[in-house]
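Structural characterization, general
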Amino acid sequence: MRTLITGGGGFIGSHLCERFLAEGHDVICVDNFITGSLANLDPFRDNSRFTFIGHDISNPLKIKGPIDNILHFASPASPVDYLNYPIQTLKVGSLGTHVTLGIAKEKGARYLMASTSEVYGDPLVHPQQEDYWGNVNPIGTRGCYDEAKRFSEAIVMAYHRYHNVNTHIIRIFNTYGERMRLDDGRVLPNFMGQALRGEPLTIYGDGKQTRSFCYVSDLVEGIFRLLFTDFHEPVNLGNPAEITILEFAEEIRKLSGSSSSAVVFKPLPQDDPKLRQPDITRARKLLGWEPKVGRDEGLKRTMDYFKKKLGK
Ligand code: UDP
């Protein structure tokens, strides 16, 4: 099989490249590295079944030969990144999705689009089920990402209904693991970097907001299973273990062995969701899937990765 992965140089995308290569696929990775990196490809760049194309997928792309699977993962995905690249984020979630759906239609490929828990916005329903339509501010600072992904979902369903493309949509909840960028601005790399440098951990707001963190190998397993089903509606993928940001800071501080790093409180960014927890009933039933790696294990592995990055 030949599998095209956009955003293959990113955090999740690079784990997908690795997994599909391990499954024996030929993998074509497309990335323009605005938030991904060449270093993420190092572990498998020399594999003869791996091809890299440097390209912004918001622009048309011609691929020679058959393609069996397309996974569209290109997009800035951390709040700080999409604040820095709002236009690119809107383009890759709209034009990029259109370009990749066009390739899927031409090649008769299976298609999977990386959507997000952000389609639920600051949710009024908790935990979030797939049939909840969300509470999104289109003109707020997160709107460029949230609305791009909501548009993506709409055009994916249109290509499924009108062109009969075999499409799949996942809604990814907070995911972490090796190859996250230390400076991507997300809570986990921020806290780990701060703890390892002995700096105070920055809590935005009062820290009572919640998130639910999924280790990357669990997410990748869910993606792999969904791609080969005939299910076309969105599926939440995430770990339902919910925690407040304040508790999360304490977990990371302890794990780092740092006794010195206290916490400091900073203003809460606009439209920051107060609660977030995936209802994964659909994924459990459909895929027989649930997360296997708990925070204790996943955080340890990720901390080891960041320790090496920082030469600790
Ligand atoms: N956050 C924080 N300190 C930081 C970075 C983030 O308290 O240094 C908070 C942020 O306000 C949010 C949560 O942690 O409530 C998760 O933020 P992240 O940027 O990781 O992603 P989000 O889940 O908001 O998309």
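Report on the accompanying structure.

Observations regarding the site of the ligand
With respect to spatial proximity, 18 residues lie near the ligand, and among them Asn 174, Thr 202, Tyr 204, Arg 211 and Asp 272 are the closest. Residue Arg 142 places a side-chain N or O atom 2.9 Å away from an oxygen atom belonging to the ligand. Here an oxygen atom of the ligand sits 2.8 Å away from a polar atom, N or O, in the main chain of Val 187. Burial of the ligand by the surrounding chains reaches 95%, relative to a free accessible area of 520 Å².

Describing the pattern of salt bridges
In the structure shown here, the tally under the stated rule is 21 salt bridges. Note that Arg 197 and Glu 199 form a salt bridge whose closest N and O atoms lie 3.2 Å from each other. Looking at Glu 199, the relative accessible area reads 32%, which means it is partly exposed. Connected through salt bridges with shared partners, the residues Glu 118, Arg 142, Arg 211, Asp 272 and Arg 276 form a single ionic network.

Looking at the nonpolar core
Residues Leu 16, Phe 73, Leu 188, Ile 223, Leu 237 and Ile 252 are the most contacted members of the largest nonpolar core, which totals 53 residues. Counting residues per element, this core draws most heavily on helix H6 (residues 216–227), at seven residues. When near neighbours in sequence (up to four residues on either side) are disregarded, Leu 237 contacts Ile 170, Arg 171, Ile 172, Phe 173, Leu 219, Gly 222, Ile 223, Ala 283, Leu 287 and Trp 289. One finds Val 92, Met 113, Ile 155 and Met 157 within the second-largest nonpolar core, a separate group that totals 23 residues.

Considering the sheet that holds strand S5 (residues 110–116)
Spatially, the seven strands line up as an open sheet ordered S3-S2-S1-S4-S5-S6-S11, and their pairing is parallel. Whereas interior strands pair on both sides, the edge strands pair on one side only; in this sheet they are strand S3 (50–54) and strand S11 (234–237). Direction aside, neighbouring strands of the sheet carry axes that sit 20° apart on average. Packed onto the sheet, helix H4 (residues 143–163) meets S5, strand S6 (167–172) and S11 and runs at close to 155° relative to S5. Running at roughly 160° to S6, H6 makes contact with strand S4 (69–72), S5, S6 and S11 of the sheet.

Thresholds applied
Residues numbered from 1 in each chain as written. Predicted model: local features only at pLDDT ≥ 70, side-chain atom pairs only at ≥ 80, totals over all residues. Heavy atoms only, no water. Near = heavy atom within 4 Å. Polar contact = N/O pair within 3.5 Å; in protein donor to acceptor, adjacent residues only side chain to side chain. Areas by Shrake-Rupley, 256 points an atom, 1.4 Å probe, with all protein chains shown as cover. Salt bridge = Lys/Arg side-chain N within 4 Å of Asp/Glu carboxyl O. Buried < 20%, exposed > 50% of the residue type's maximum accessible area, 1.4 Å probe, protein only. Core = buried A, V, L, I, M, F, W, Y, C linked by side-chain atoms within 4.5 Å. Helix = DSSP H or I, 4+ residues; strand = E, 2+ residues; numbered from the N terminus. Contact = heavy atoms within 4.5 Å. Pairing = 2+ DSSP bridges. Axes fitted to C-alpha atoms, helices over the stretch in contact; angles between N-to-C directions.

Interpretation in functional terms is not warranted from these geometric data alone.
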